[in-house]
Amino acid sequence: MIRRYLQVLAIASLTILGLASCNKDIETIRAINVTFKGFNLSNMQLEVSLDTVIFDKKIQPANARVNFSMVYPYFGGKKEAILTVKDKVSGKELFQKTLPLSGSQLEFFYPLVNIDGKLLDITPPAADPATNKLGFYIYYTKNNDPIDILMYNQNTGQQAYLAKNAVPQTWVYTDYLPDPAFPDGNAVGSSTIYFLKAGTFDFAFNDSESLSQTSGFGWYIPHNKFTGNKVQLYFIQPSPQGFGTEMAQLFPIPKGY
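Note that this is a predicted model, so its numbers are computed, not measured.

Trainee: Please explain the sheet that holds strand β12 (residues 171–176) as it appears in this structure.
Mentor: Picture the strands of a sheet paired through backbone hydrogen bonds; they go either parallel or antiparallel. The strand order across the open sheet built from four strands is β12-β9-β15-β16, with neighbouring strands paired in mixed fashion. The open sheet is flanked by β12 and β16 (245–249), the only strands paired with a single partner. Between one strand and the next, the sheet's axes are offset by a mean angle of 25°, whatever the strand orientation. Here five bridges tie strand β15 (residues 231–238) to β16, and the two strands are oriented antiparallel to one another. Counterpart to I236 in the pairing with β16 is M247.

Take a look at the structure:
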């Protein structure tokens, strides 16, 4: 009796699998990648969720860079998902976006800068094939004196300005074409970025050389083989710990740099 029951069960299972293999409406598993980059300048711990999935292993700590990237798997029949960022403790919602899942987009990137519970308005300028658009937001509350941003080639002593007269707590946008002093990614990455009082070579942040500089590594400044139609925004602040200048790239890491 038991043997016959097992035989019937096996035949039924094979029948179901056969029907499933012929059914084109069977849902398949797909996946997208979601990335946030920026700063969380608050005492909040930021929690990211997609619909009912909470990424509790990727809580973004208070007063630190935002560096979140996770894969979200879903059934192919699902049309959209709601992406949310909120304060883990109070539940205050800071960000919400409905992501389309029925198209071909597999990667979603969002810049996020939280300053004491309020998100910084980040609106990239339109791309221009004839140039590159760079945007800078300097978070420096000690004064509003304008600042020049200078890229310095340590090997040759050559230099190029990325921005001039950038006023803290405001966005400044510049058109940038590759400078001969920085012909490739290696020259950019090995450079030093200085923040100077506008029109001078005096250091901008607390008159401190160490606080007013950072490495060009990770800036992805356009060069001869990576130029035209680029839009790249940066959030900048002198380190609260007193160790150089901190920068968050508010754009996806460019492919092919």
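Trainee: How should I be thinking about the nonpolar core in this particular structure?
Mentor: Nonpolar side chains tend toward joint burial in soluble globular proteins. Formed by 28 residues in total, the largest nonpolar core has its most connected members in F136, L162 and W219. When residues of this core are traced back to their parent elements, those giving at least two are β9 (132–138), β10 (147–152), β11 (159–166), β12, α2 (185–189), β13 (192–197) and β15. Once residues within four sequence positions are removed from consideration, L162 is found in contact with L134, F136, I149, M151, T174, Y176, I193, W219 and I221. In terms of nonpolar packing, the next biggest core, distinct from the first, is built from 22 residues, F68, V85, F95 and L112 among them.

Trainee: Explanation requested: unusual backbone geometry in the structure shown.
Mentor: Backbone phi values are negative for most residues with the exception of glycine, while trans is the configuration of most peptide bonds. With a phi close to 50°, N63 is a non-glycine residue in the positive phi region. Tracing the backbone shows N63 in the loop between β3 (53–54) and β4 (64–75). Positive phi outside glycine occurs at N206, with the angle close to 55°.

Trainee: Just checking my understanding: could you explain the sheet that holds strand β1 (residues 29–41) for this structure?
Mentor: Taken together, the four strands give an open sheet; going across it, the order is β4-β1-β7-β8, and neighbouring strands pair in mixed fashion. This sheet does not close on itself; its edge strands, each paired only once, are β4 and β8 (118–119).

Rules used in this analysis
Residues numbered from 1 in each chain as written. Predicted model: local features only at pLDDT ≥ 70, side-chain atom pairs only at ≥ 80, totals over all residues. Heavy atoms only, no water. Pairing = 2+ DSSP bridges. Helix = DSSP H or I, 4+ residues; strand = E, 2+ residues; numbered from the N terminus. Axes fitted to C-alpha atoms, helices over the stretch in contact; angles between N-to-C directions. Core = buried A, V, L, I, M, F, W, Y, C linked by side-chain atoms within 4.5 Å. Buried < 20%, exposed > 50% of the residue type's maximum accessible area, 1.4 Å probe, protein only. Contact = heavy atoms within 4.5 Å.

In short, geometric facts, not functional conclusions.
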